[in-house]
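# Inside the fold
Chain by chain, the residues:
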Amino acid sequence: MDERLLLTLLQKNARTKITDLAAALDESKDNIVNKLTELEQKKVICGYHTIVNWDKTNTDIVTALIQINANPEREYGYDRIAGHIYKFDEVDTMYLLSGEFEFVAIVKGKTMQEVAHFVASKLACLNGVTGTTTFFVLKQYKNNGVVLIEDEDGKDSRLVVTP
């Protein structure tokens, strides 16, 4: 079975029916179900998510990207400090990076003040954190490959590129 194709199909649409996956991969439904169960148990598939354009709802959600500087710990490197950070409910996503700062965390809250309070009272005062820089998301254009806005005329206005 082409595991990579299976994962790609699910990543594009987690609601794809088992019968459609089986047809696309030329496999039986039982083989697909068994493979999905295996991938879930191995934590290759970590969840099935929906992309929501919160700007089109009456829900107040503030998203911030927070650059975090930290000192590595002997024998643990950055992993232990990362564990302290990503366990906070406010932290939606977190990455270890190369460059001028060690981590970037995507944090969600109801208001800018709530996010600022999280940074000041929980994040910045952690042992090992040496600095933070917060960027508030003002508008979301694309999320996980999905374009969330339309151009003014509702059409794709990219320039046509010819060889």
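The structure under discussion appears in the preceding block.
About the criteria used
- Residues numbered from 1 in each chain as written.
- Predicted model: local features only at pLDDT ≥ 70, side-chain atom pairs only at ≥ 80, totals over all residues.
- Heavy atoms only, no water.
- Helix = DSSP H or I, 4+ residues; strand = E, 2+ residues; numbered from the N terminus.
- Rg over C-alpha atoms; globule rule 2.2 N^0.38 Å.
- Buried < 20%, exposed > 50% of the residue type's maximum accessible area, 1.4 Å probe, protein only.
- Contact = heavy atoms within 4.5 Å.

### With respect to the overall build of the protein chain
Looking only at helices and strands, the protein chain features five helices and six strands. Along its sequence from the N terminus, the protein chain presents helices and strands in the succession α-α-α-β-α-β-β-α-β-β-β. A compact globule built from 163 residues would reach a C-alpha radius of gyration of about 15 Å, whereas the protein chain, at 20 Å, exceeds it by more than 25%. Considering only C-alpha atoms, the protein chain reaches an extent of 55 × 50 × 40 Å along its principal axes. Per-residue burial for the protein chain yields a buried fraction of 23% across its 163 residues.

### Quick word on the side chain of Thr-63
Locating Thr-63 in the fold gives a position in strand 1 (residues 62-70). Not counting the four nearest positions on each side in its chain, Thr-63 is found in contact with Ile-106, Val-107, Lys-108, Phe-135, Phe-136 and Val-137.

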